[in-house]
Amino acid sequence: MTAAERAGDRLTGWVDRLPPRLRRYLPRELAGFAMLGAFTFSVDLVLLTLLRHFTHLRFPVAVSIAYLTAFALNFVLNRTVNFRSHAPVGRQALRYALVAVGDYLITVGVTSGLFHLGLDGRVARLVAAGFVAGFTYSASRWWVFRDAPAKSATVAAADATVSPAAPVAARD
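Just so you know, these numbers come straight off a predicted model, no measurement behind them. (Residues numbered from 1 in each chain as written. Predicted model: local features only at pLDDT ≥ 70, side-chain atom pairs only at ≥ 80, totals over all residues. Heavy atoms only, no water.)

Some points on unusual backbone geometry
Selection rule: What counts as a helix is a DSSP run of H or I of at least four residues, what counts as a strand is a run of E of at least two, and both are numbered from the N terminus.
Phi is positive for Arg84, close to 50°, though the residue is something other than glycine. Along the polypeptide, Arg84 turns up in the loop between α4 (59-82) and α5 (89-116).

This is the structure:
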């Protein structure tokens, strides 16, 4: 077990002590995703606050820098600590980048829109995070970090669906 996997066990081990009925609705990956998301969201907010306080960057630029930094950190942590993926990183990074583009557009649009309506930037960012959280988890869990089944397992499953009474030519 790698150090990242041990960290994941420490992060989400408490879920295993929940009643079985509750565990069915709160899988370890969802708990880990939420906890890592809260951490990287905190990084996002702190970085946004620092950029706004110490630079003269326009608000959408500051939001973009903070967001992209936090999203990259979230990818690395979820890949290694939470989803424990050992698949090639390139395809996952590309998929995660596509998720990031969608999330980014929603984040900048909602955050900037609410900010320009008079809402505090941090509160606006919090509201935007609520919009993208469900999408990001779903995309990460079932698309980005889903390891492709082994080729031999796919072939074996396909062979198992052919009826043994079927003609030999149909199975070949």
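A closer look at a nonpolar patch on the surface
The criterion, for reference: By definition, no residue in a patch forms a salt bridge, and every one has over 30% relative accessible area; like charges are joined within 9 Å, nonpolar side chains (Val, Leu, Ile, Met, Phe, Trp, Tyr) within 5 Å. Computed by Shrake-Rupley with a 1.4 Å probe, the accessible areas treat only the displayed protein chains as cover when residues are assessed. Think of a salt bridge as a Lys or Arg side-chain nitrogen and an Asp or Glu carboxyl oxygen that are within 4 Å of each other. Buried, partly exposed and exposed residues are distinguished by accessible area as a fraction of the type maximum, computed with a 1.4 Å probe on protein chains only: under 20%, between the cut-offs, and over 50%, respectively.
A cluster of nonpolar side chains, namely Ile106, Leu119, Val123, Val127 and Phe131, defines an oily patch on the protein surface of about 400 Å² accessible area. Here the element with the most residues in the nonpolar patch is helix α6 (residues 121-144); it accounts for three residues. Along the chain, Val127 falls in helix α6. For Val127, a relative accessible area of 34% gives the class partly exposed.

Structural notes on the packing of helix α3 (residues 28-54) against α6
For the record, the criterion: Here the axes come from fitting lines to C-alpha atoms, over the contacting stretch only for helices, and the angles between their N-to-C directions go from 0 to 180 degrees. Handedness of a crossing is defined here by the sense of rotation of the near helix relative to the far one, left-handed for an anticlockwise turn of less than a right angle and right-handed for a clockwise turn. The contact criterion used is simple: two residues touch if any of their non-hydrogen atoms lie within 4.5 Å. Classification convention: Asp, Glu, Lys, Arg as charged; Ala, Val, Leu, Ile, Met, Phe, Trp, Tyr, Cys, Pro as nonpolar; all other residues, Gly among them, as polar.
Where α3 contacts α6, the two axes come as close as 11 Å, and the packing angle between them is 145°. Where α3 crosses over α6, the two elements pack in a sense that is right-handed. Facing α3, whose interface residues are Glu29, Leu30, Phe33, Phe41, Asp44, Leu45 and Thr49, α6 presents Arg122, Arg125, Leu126, Ala129, Ala133, Thr136, Tyr137, Ser140 and Arg141. Classifying every residue of the contact of α3 with α6 by side-chain character gives eight nonpolar, three polar and five charged.

Details of the nonpolar core
Definition in use: Among buried residues, the Ala, Val, Leu, Ile, Met, Phe, Trp, Tyr and Cys ones that are joined through side-chain atoms within 4.5 Å form a nonpolar core.
Listed in full, the twelve residues of the largest apolar core are Phe33, Tyr67, Phe71, Phe75, Phe83, Tyr96, Val99, Ala100, Tyr137, Ala139, Val144 and Phe145. For this core, the secondary-structure elements that each account for two or more residues are α4, α5 and α6. Setting aside its immediate chain neighbours within four residues, Phe83 contacts Glu29, Phe33, Asn78, Tyr137, Ser140, Arg141 and Phe145. Leu48, Leu51, Phe59 and Ala62 belong to the second largest nonpolar core, which has seven residues in total.

Let's talk about the side chain of Thr40
Mapped onto the elements of the fold, Thr40 is located in helix α3. In this structure Thr40 comes out as buried when scored by relative accessible area, which is 4%.

A look at the layout of surface pockets
Put simply, the rule is: The distinction between a cavity and a pocket rests on a 1 Å grid over the protein atoms alone: a 1.4 Å probe fits inside a cavity but cannot get out, while a pocket stays open yet meets protein on both sides within 12 Å along at least five of seven lines, and a residue with an atom within 4 Å of a point counts as lining. Grid points are joined across faces, edges and corners, and a volume is the space filled by probe spheres set on the points.
Estimates place the volume of the largest pocket at around 370 Å³. Along its surface, the largest pocket is lined by 22 residues, and Gly37, Phe41, Asn74, Val132 and Ala133 are the ones closest to its centre. Its residues assigned to classes, the lining of the largest pocket comprises 14 nonpolar, five polar and three charged.

A look at the pattern of salt bridges
Working definition: two side chains of opposite charge can pair if their charged atoms are close together. Counted according to the given criterion, the structure contains six salt bridges. Note that Asp9 and Arg84 form a salt bridge whose closest N and O atoms lie 2.4 Å from each other. Of this pair, Asp9 sits in helix α1 (residues 3-12) while Arg84 sits in the loop between α4 and α5, and the two are 75 residues apart along the sequence. The partly exposed category is assigned to Asp9, whose relative accessible area is 26%. Residue Arg84 is classed as partly exposed on the basis of its relative accessible area, which comes to 24%. One salt bridge in this structure joins Arg125 and Asp44, with 2.8 Å as the shortest N-O distance. Here Arg125 is found in helix α6, whereas its partner Asp44 is found in helix α3, with 81 residues between them in sequence. Across the pair, exposure class does not vary: Arg125 and Asp44 are buried alike.

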